[in-house]
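Chain by chain, the residues:
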Amino acid sequence: MTLLEPTRHRGPYEGMVLKILRDEGPTSRTRLSAITGLSPTTITKTVAPLIELGLLTERADEYGGLGRPAISLVPVPEALTVCGVQLGVGKYRVGLTDARSHVRSRTVSTFDPTLPPEDVMSLIAADVRSLLAADAGPTCTGVGVGAPGPVDLARRTNIRSVNLGWSDVPISDLLEDRLGIPVVVDHNVRSLALGEARYGGHGADSLAYLYVRNGVGLGVAVKGEPFYGGHGTGGESYIGHTRVVEDGLPCSCGGRGCLDTVVAEPYVAARLAELGGPVLPDTNVMSELHRRARQDPAVAALEDQVIDHLVRSMAIIVNLFTPELLLVGGSLSSAPPEVIARLREGTRDRIFPLLRDSLRVEPADGDDDALIRGAAAIALEVLHYS
């Protein structure tokens, strides 16, 4: 197969039509014309190259009346390949997906967090090429990268990643130079929210995703669309840098007493070490916290404190954005059911009463495919469905 597809000139309405077909399912040209307000001739001109490329096919609908049956346009998700890259601190995941963000191959790699960003991008590009070389699917049309920290509104530069020590890293430019195809970058947790809203099968297109690992991140999708704020960046949530303890511990952002400093893994692991011994590498910190809490009253008090800070923050998220579903991910993805139950009930107890019965609080799917799906959703949204 050809590993990478050069940028193709797309018609002005292709993304809109593909998005409708993704969301609505098989649809006739007549109905597409009614939905979009475009003339039947324009619809025909728009879908013709998509049929030729194999991205759409035609199907005669069942019809029991007189005359010719209607012909519907049917999307062919497997006719497209995009790449998703979820970048973390010392680890990244790379995978290939179709137009529904279904992951068909993946690889997980670690790296030295002190490496220059250019070297990390070279490692990622090598893994992308390796996956593509072994893949029998269509050519790859683009890459989506979920990056820690704020990104610019053009979705090309990682403005600042505190935990990696990066500032103004042009991730799109660096990877495009190495791969020769379009690259889109967005905030990692917002990409997870988008992926779950679009392709997670939750039955909720308005959701919030709270991610707890080295720090605390938040992504929100409203009616299936990623939420963007202002301030000249991509509008990332800085919930992890909200002060929750006056005169608390210093935070990597320069503040003190931030949420990051009382619930993130480094803090919890350090407190557990003080109270009863170090946490082994690759241990789920929230699970270890719960295990020790059942044996030690001092650790139980620490667990109460962590859960209280989390549920207060989760209640604020729900009252502000009123999501149907609040997913908790990162180290919370595999937290014990008792911890999730306390987060769920504590959050419901603190939110506006009319929201309590309809809110769902669930652990996110924390496996590699779920993380890659979010990164690929960025590429799909920008390069395929817009």
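In this text the structure is predicted, and so the values were computed from the model without any measurement.

1. Comments concerning the sheet that holds strand S15 (residues 360-363)
What links the strands of a sheet is backbone hydrogen bonding, and the strands pair in either a parallel or an antiparallel sense.
And step 1. Spatially, the 5 strands line up as an open sheet ordered S13-S12-S11-S14-S15, and their pairing is mixed. On the outer flanks of this sheet lie strand S13 (225-226) and S15, each paired with one strand and no other.
And step 2. Inspection of the sheet shows strand S14 (residues 325-330) paired to S15 by 4 bridges, in the parallel sense. Among the inter-strand pairings, Leu-327 is bridged to a residue of S15, identified as Glu-362.
And step 3. Against the sheet, helix H10 (residues 297-321) touches strand S11 (207-212), strand S12 (216-222), S14 and S15, its axis set at about 155° to S11.

2. Structural notes on the packing of aromatic side chains
And step 1. Within this structure, the stated rule accounts for 3 aromatic pairs.
And step 2. Here Phe-227 and Phe-321 contribute two aromatic rings whose centre-to-centre distance is 5.3 Å and whose plane-to-plane angle is 70°, an arrangement assigned as edge-to-face. Placement of Phe-227 in the loop between S13 and helix H7 (260-263) and of Phe-321 in helix H10 is noted, with a sequence separation of 94 residues between them.
And step 3. For Phe-227, a relative accessible area of 37% translates into the label partly exposed.
And step 4. Classification of Phe-321 as partly exposed rests on a relative accessible area of 25%.
And step 5. Above the plane of the ring of Tyr-385 lies Arg-22, whose end atom (NZ or CZ) is 4.3 Å from the centre.

3. Some remarks on unusual backbone geometry
And step 1. Even without being glycine, Asp-282 reaches a positive phi, approximately 65°.
And step 2. Locating Asp-282 in the fold gives a position in the loop between helix H8 (265-276) and helix H9 (285-293).
And step 3. By relative accessible area, Asp-282 is classed as exposed at 84%.
And step 4. Backbone geometry at Thr-322 places phi at a positive 45°, although glycine is not the residue there.
And step 5. Within the secondary structure layout, Thr-322 lies in the loop between H10 and S14.
And step 6. Under the relative-accessibility criterion, Thr-322 is labelled partly exposed at 45%.

4. Some details on H9
Residues lying three or four places apart along an α-helix face the same way, a consequence of the helix completing one turn every 3.6 residues.
And step 1. Among the 9 residues in H9, 7 count as buried, and that is most of the element.
And step 2. Val-285, Met-286, Glu-288, Leu-289, His-290, Arg-292 and Ala-293 are the residues of H9 that are buried.
And step 3. Each element contacted by the buried residues of H9 is listed here: S11, H7, H8, H10 and helix H11 (337-350).
And step 4. The distance from a side-chain oxygen at the start of H9 to the backbone nitrogen of Met-286 is 3.1 Å, and the residue carrying that oxygen is Asn-284.

5. Section: the pairing of S11
And step 1. Counting buried positions along S11 yields 6 of 6 residues, so the element is predominantly enclosed.
And step 2. Where burial is concerned, the two faces of S11 agree: the one with Leu-207, Tyr-209 and Tyr-211 and the one with Ala-208, Leu-210 and Val-212 are both buried.
And step 3. Where S11 and S12 come together, 6 bridges link them in antiparallel fashion. Each residue of the ladder has a partner; that of Val-212, found in S12, is Val-216.
And step 4. What sits between the antiparallel neighbours S11 and S12 is a turn of 3 residues.
And step 5. Pairing of S11 with S14, which is carried by 6 bridges, proceeds in the parallel orientation. Looking across to S14, one finds that Tyr-211 is bridged to Gly-329.

Quick notes on the rules
- Residues numbered from 1 in each chain as written.
- Predicted model: local features only at pLDDT ≥ 70, side-chain atom pairs only at ≥ 80, totals over all residues.
- Heavy atoms only, no water.
- Pairing = 2+ DSSP bridges.
- Helix = DSSP H or I, 4+ residues; strand = E, 2+ residues; numbered from the N terminus.
- Contact = heavy atoms within 4.5 Å.
- Axes fitted to C-alpha atoms, helices over the stretch in contact; angles between N-to-C directions.
- Phe/Tyr/Trp six-rings, centres within 6.5 Å; stacked < 30°, edge-to-face > 60°.
- Buried < 20%, exposed > 50% of the residue type's maximum accessible area, 1.4 Å probe, protein only.
- Lys NZ or Arg CZ within 6 Å of the ring centre and 35° of its normal.
- Polar contact = N/O pair within 3.5 Å; in protein donor to acceptor, adjacent residues only side chain to side chain.

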